Every structure is written in C-alpha cells, then in structure tokens.
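Observations on chain architecture
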Amino acid sequence: MGRTIRGAARSGSPDDGGGPVGAPSLVGAPSLVGSDSLVGSDSLVGSDSRAGRDSRAGRDGAQPDPATDPEAVARQICLKMLTTAPRTRAQLAAALDRRGVPAEAAEAVLERFAEVQLIDDGMFARAWVESRHHGRGLARRALAAELRQRGVEADDIKEAVGGLDPEQEYATARALVDRRLAGTRSLARPVRFRRLMGVLARKGYPEALAYRVVREALEYEPAESDFGADPDSDDGG
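Parameters at a glance
Residues numbered from 1 in each chain as written. Predicted model: local features only at pLDDT ≥ 70, side-chain atom pairs only at ≥ 80, totals over all residues. Heavy atoms only, no water. Helix = DSSP H or I, 4+ residues; strand = E, 2+ residues; numbered from the N terminus. Polar contact = N/O pair within 3.5 Å; in protein donor to acceptor, adjacent residues only side chain to side chain. Phe/Tyr/Trp six-rings, centres within 6.5 Å; stacked < 30°, edge-to-face > 60°. Buried < 20%, exposed > 50% of the residue type's maximum accessible area, 1.4 Å probe, protein only. Core = buried A, V, L, I, M, F, W, Y, C linked by side-chain atoms within 4.5 Å. Contact = heavy atoms within 4.5 Å. Salt bridge = Lys/Arg side-chain N within 4 Å of Asp/Glu carboxyl O. pLDDT = per-residue confidence, 0-100. Axes fitted to C-alpha atoms, helices over the stretch in contact; angles between N-to-C directions. Left-handed = near helix turned anticlockwise from the far one by under 90°. Nonpolar A, V, L, I, M, F, W, Y, C, P; charged D, E, K, R; others polar. Parallel < 35°, antiparallel > 145°, perpendicular 65-115°, else oblique. Expected span 1.5 Å × (residues − 1).

Turning our attention to the side chain of Arg87. Secondary-structure assignment places Arg87 in the loop between helix 4 (70-84) and helix 5 (89-98). At 3.4 Å, the side chain of Arg87 and the backbone oxygen of Met81 are in polar contact.

And the structure:
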C-alpha cells in the first residue's frame, strides 16, 4: 500500500461531488466507503481522537490551522470527500495538493486511511467495473480507461476488468444492440450495420466482438411482419 502522493498529478478533479469525472453509480456503495460509524470513528484515524476533534471543529465553523496541524486539515478533507462518494487514493491526493496540504502530511494521512481500508483502490476498481458494466454497458477497454483516469494502478485495473466474464460481456453487448434494432429498421442494412457497430465501439467493445454481435442480431432479427400483428386478423385458415 506504499503509494506516494505523486499519483495526484493524474487524477483530474476529484472534489466535484462525484469523483474527477463523476462516479454517480458508486455513490452510497457501503463496501467502498464503509458505514457511517467507520467514517466517523476516531479509532480509524488515530487513537488520540484527532478525527473527532476535526469533525467537531467543522461543525462549530472553525477550521484546523494548516500551518500548525496540516494532518488535521488533510483528514477533514478526506473524510468529507469519502462521505460524499468513494474515491481513489490519487483523487484524494490531488485534492490535498490543491488545498495546499504539505506532501508529508498528506502522505501520512493517506497511508493511515489505506491501513484501515477507508482507501482501497482494488475494491474501488472492482465495484466500478461491476456498476459501470451493468449500469452503462461499458466493456473492458472503456472501464480500464475510466479507472486510469481516476489514478488506479495498473495491477488493480487488470484484476478488476479481468473479473468481467466474457460471456457476460457478450450478453451485455447483445442487449445493447437488441434495444436499438427497432429504431434502425427503416434504414438500409449497411447503414444499420455501421450504426450498431458504432454503438458498441463507443462502449469500448473490440471490433471483432462488435462485428459478431451485430451480425448475429441482424441475422436472427424477427421479420417486420412479426411486430404488431393483429391477433384477430384472418390468416386464411
């Protein structure tokens, strides 16, 4: 867990309410942030109850002095961000750097948060893949790119996207295409093919898989006469 604050440079803008680019599908995920009792627990961030004093200071309107207690400032910033949405270590590091927290103090707080698993990039990555694949239909390539943008290490990304079953990825791609078949039925087949391929390309699906999914979807598409048929019509029988 000994990553340093150098990860801050590539994390984007993490304190816009939902991560550097936005992580709405992960807001409120208890496995990433933990319960309220964990976030507010003094024992997690120091046995001397410093976190509790930081929290009370924030409620009273007084802020810790960065010059005399930069770690208190860092803890307060991190706790506030983590109660809003799950964050990666790099996202928190970037926020601390922008707020002028000295690197040594920031690193000490991030290390402590990692020790008690308030920061766990591996868990963040796995939850991100699960949520964004099922919620947005994103494929491995797109998911990996999003995690890199959030400063997740390569090993954590590889493990997270590697957990996505190829059959599930195919099924998700097929569902995406099937939902758009009816809307393209009036177009020429080559045009339909290109548009449906584009849908999957934008979701990060590899070209070979996208070609297979679109070809099969069009090949087994029900005939137009099968849609909206009048069940009471005379079929000549």
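Next comes the rest of the account.
In this section: the packing of aromatic side chains. Scanning the model with the defined rule gives two aromatic pairs in all. When the centroid spacing of 5.6 Å and the interplanar angle of 15° are considered together, the rings of Phe124 and Trp128 count as stacked. With a gap of four residues between them, Phe124 and Trp128 both fall in helix 7 (residues 121-136), about one helical turn apart. For Trp128, a relative accessible area of 0% translates into the label buried.

What follows is about the nonpolar core. Ile77, Cys78, Leu92, Leu96, Val101, Leu110 and Phe113 are the most contacted members of the largest nonpolar core, which totals 19 residues. Secondary-structure elements contributing two or more residues to this core are helix 4, helix 5 and helix 6 (103-115). At seven residues, helix 4 tops the list of elements feeding residues into this core. Contacts of Cys78, omitting those with residues within four sequence positions, involve Leu92, Leu96, Val109, Leu110 and Phe113.

Per the counting criterion, the structure on display carries twelve salt bridges. Salt-bridge contacts for Arg89 lead to Glu111; the nearest nitrogen and oxygen are separated by 2.8 Å. Here the residue Arg89 occupies a position in helix 5, and Glu111 occupies one in helix 6, the gap between them amounting to 22 residues. The class of Glu111 is partly exposed, set by a relative accessible area of 21%.

Confidence along the chain averages 77 in pLDDT terms, with 65% of residues attaining 70 or more. Low confidence marks residues 1-60, where pLDDT is under 50. Its contacts with residues over four positions away, or in another chain, come to 114 contacts. Between residues 225-237, whose pLDDT stays under 50, and residues either more than four places distant or in other chains, the model counts two contacts.

A packed helix pair is summarised by two numbers, namely the angle formed by the two axes and the spacing between the axes. Here helix 7 crosses helix 9 (residues 154-162) at 35°, and the two axes come no closer than 9 Å. Handedness of the crossing formed by helix 7 with helix 9: right-handed. Residue-level contacts link Asp121, Gly122, Ala125, Arg126 and Val129 of helix 7 to Asp156, Glu159, Ala160 and Val161 of helix 9. Considering only residue class, the contact of helix 7 with helix 9 consists of four nonpolar, one polar and four charged.

With their axes 10 Å apart at the nearest point, helix 4 and helix 5 run at an angle of 130° to one another. In terms of orientation, helix 4 and helix 5 fall into the oblique class. In this structure, the crossing between helix 4 and helix 5 has a hand that is right-handed. Only Gln91, Leu92, Ala95 and Leu96 of helix 5 make contact with helix 4, whose side of the interface consists of Ala74, Ile77, Cys78, Met81 and Leu82. Residue composition of the contact of helix 4 with helix 5, grouped by class: eight nonpolar, one polar and no charged.

Before going further, it helps to spend a moment on the environment of Lys203. Among the secondary structure elements, Lys203 is positioned in the loop between helix 11 (189-202) and helix 12 (207-219). Look at Lys203 and you get buried, because its relative accessible area is 16%. Setting aside its immediate chain neighbours within four residues, Lys203 contacts Arg136, Gly137, Leu138, Ala139, Ala142 and Leu176. Polar contacts involving the side chain of Lys203 include one to the main-chain carbonyl oxygen of Arg136, which spans 2.8 Å.

A few words on helix 7. Taking 1.5 Å per residue, 16 residues should reach 22 Å; helix 7 reaches 21 Å between its end C-alpha atoms and fits that length. Residues Asp121, Gly122, Phe124, Ala125, Ala127, Trp128, Val129, Ser131, Arg132 and His133 constitute the buried set of helix 7. For helix 7, the capping residue at the N-terminal end is Asp120, with a side-chain oxygen 3.2 Å from the backbone nitrogen of Gly122. The first or second residue beyond helix 7 is Gly137, which carries a positive phi of 75°.

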